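# What the coordinates show
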Amino acid sequence: TVGYGPGLFTAAGLQDARPAWLAPLPAFSIDRLEPGWSGGDLVLQICADDALAVAHASRLLSKEATSFVTHRWTQQGFRPSPGTVAPGTTMRNLMGQVDGSRNPDPATEPELVWHDATAPDWLVGGTSMVIRRIAMDLDGWDLVDRTGREFAVGRRLSDGAPLTGNHEHDEPDLDARDGLGLPVIDMAAHVRRARTTDPTQRFLRRGYNFLDPTASAGRESGLVFVTFQRDVLTQYVPVQRRLDEIDLLNRWTTPVGSAVFAVPGGPREGEFLGQRLLG
């Protein structure tokens, strides 16, 4: 996957073609962003089932680009190895929680991800990409008992089901009360804060766990949280604002990197990638 950052449009003299949503995200109070993990003018996302294939492709593509780019950052992440879980199984993050339940399907809800013919020609069939590097305080999380972990997220550890449901993909009942009259899903639980009654405030999530023993203390492990959506400002930002205001998980998670990119539509017959913009 190739994405263009805001600076690419400036460098190419195409400022007027830059979408309004292609800019750094608004400042959030929970952010502790580090320049070494943030921003960028051009991104390559290279994925494969085998680490050797990723390493080889990354080296070749990066080597070919050295004449016109300066390396800013590399983030390496992983998901379950092929064959270790059944197809369609939702990934777990390093906290042990199911991560990515109720993801939209771009095939049935394309308007949430893909740009249609109303967009500039170069962006038709393309999308936007947000990358957030989120450090996790796993040592602190280890001190929390199982009940406390499920309370913070609003889902069961065993199967990812909401505390009010029986299966992972059950709709959380945010009105449910326990025997004391208290919300079963806490008012600050991650599930509640991430949800909305606005069907347009949804986006495709694809996270990658990371382990980086060379990082500074408290930054060694976490999640490279990648999202795809048609419009960052109307889909992603409102959700992130709610999580910034209050979310029990904020005690153990810290965003340390952030970047936004525009992903152009695929090339047509005889075109190079991005030709409708850069040609």
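The structure contained in this document is the topic of the report that follows. These numbers come from a predicted model, not from an experiment. (Residues numbered from 1 in each chain as written. Predicted model: local features only at pLDDT ≥ 70, side-chain atom pairs only at ≥ 80, totals over all residues. Heavy atoms only, no water.)

### Considerations on the overall build of the chain
Of regular secondary structure, the chain possesses seven helices and six strands. Taking all 279 residues of the chain together, the buried fraction comes to 41%. Across the chain, every contact between residues at least 6 apart in sequence was considered, and the portion connecting residues at least 24 apart equals 72%. Entry remark: accessible area of the chain is about 15,000 Å², with carbon and sulfur atoms responsible for 54%. (Helix = DSSP H or I, 4+ residues; strand = E, 2+ residues; numbered from the N terminus. Buried < 20%, exposed > 50% of the residue type's maximum accessible area, 1.4 Å probe, protein only. Contact = heavy atoms within 4.5 Å. Areas by Shrake-Rupley, 256 points an atom, 1.4 Å probe, with all protein chains shown as cover.)

### Concerning helix H2 (residues 51-65)
In an α-helix, one full turn covers 3.6 residues, which means residues spaced three or four apart are oriented alike. Spanning 15 residues, H2 covers 21 Å between terminal C-alpha atoms, matching the ideal 21 Å at 1.5 Å per step. With a side-chain oxygen lying 3.0 Å from the backbone nitrogen of Leu 52, the N-terminal cap of H2 falls on Asp 50. (Expected span 1.5 Å × (residues − 1). Polar contact = N/O pair within 3.5 Å; in protein donor to acceptor, adjacent residues only side chain to side chain.)

### Section: the packing of aromatic side chains
Tallying each qualifying case throughout the model produces three aromatic pairs. Between Phe 9 and Trp 122, the aromatic rings sit 5.7 Å apart at their centres with planes inclined by 55°, giving tilted as the arrangement. Within this pair, whereas Phe 9 is found in helix H1 (residues 6-11), its partner Trp 122 is found in the loop between H2 and strand S3 (127-136), the two being separated by 113 residues in sequence. Owing to a relative accessible area of 0%, Phe 9 belongs among the buried residues under this scheme. Their ring planes at 75° and their centres at 5.0 Å tell us that Trp 141 and Trp 252 sit as a pair that is edge-to-face. (Phe/Tyr/Trp six-rings, centres within 6.5 Å; stacked < 30°, edge-to-face > 60°.)

### Some details on empty space enclosed by the protein
One pass over the structure, following the stated rule, counts one cavity of 30 Å³ or more. Its volume calculated, the largest cavity comes out at about 30 Å³. In terms of lining residues, the largest cavity is bounded by Trp 122, Pro 264, Gly 265, Pro 267, Glu 271, Phe 272, Gly 274, Gln 275 and Arg 276. Residue classes in the lining of the largest cavity are distributed as four nonpolar, three polar and two charged. (1 Å grid on protein atoms, 1.4 Å probe; cavity = no way out; pocket = protein on both sides within 12 Å on 5 of 7 lines; lining within 4 Å. Points joined across faces, edges and corners; volume = space filled by probe spheres on them. Nonpolar A, V, L, I, M, F, W, Y, C, P; charged D, E, K, R; others polar.)

### Here's the deal with the layout of surface pockets
By volume, the second largest pocket is sized at about 1,200 Å³. Along the wall of the second largest pocket there are 43 residues; nearest its centre are His 190, Ala 194, Arg 195, Arg 205 and Val 239. Elements with a minimum of two residues in the lining of the second largest pocket: S3, helix H5 (190-194), strand S5 (221-229), helix H6 (232-245) and strand S6 (253-263). Here the lining of the second largest pocket gets five residues from one element, more than from any other, and that element is H6.

### Observations concerning the environment of Leu 204
When you line up the elements, Leu 204 lands in strand S4 (residues 204-211). Measuring from C-alpha to C-alpha, the distance between Leu 204 and Leu 112 comes to 7.9 Å, with 92 residues separating the pair along the chain. Among all residues touching Leu 204, those that are not within four sequence positions of it are Asn 103, Pro 104, Pro 106, Val 113, Val 226, Thr 227 and Phe 228.

### So, the side chain of Asp 212
Here Asp 212 shows up in the loop between S4 and S5. The class of Asp 212 is buried, set by a relative accessible area of 15%. Residue contacts for Asp 212: discarding those within four places in its chain leaves Trp 37, Arg 133 and Glu 220.

### Section: a nonpolar patch on the surface
Together, Leu 42, Phe 68 and Val 69 line one region of the surface with nonpolar side chains, adding up to about 280 Å² of accessible area. Here Leu 42 lies in strand S2 (residues 42-44). Its relative accessible area of 36% is what places Leu 42 among the partly exposed residues. (Patch = residues over 30% accessible without salt bridge, like charges linked within 9 Å, V, L, I, M, F, W, Y side chains within 5 Å. Salt bridge = Lys/Arg side-chain N within 4 Å of Asp/Glu carboxyl O.)

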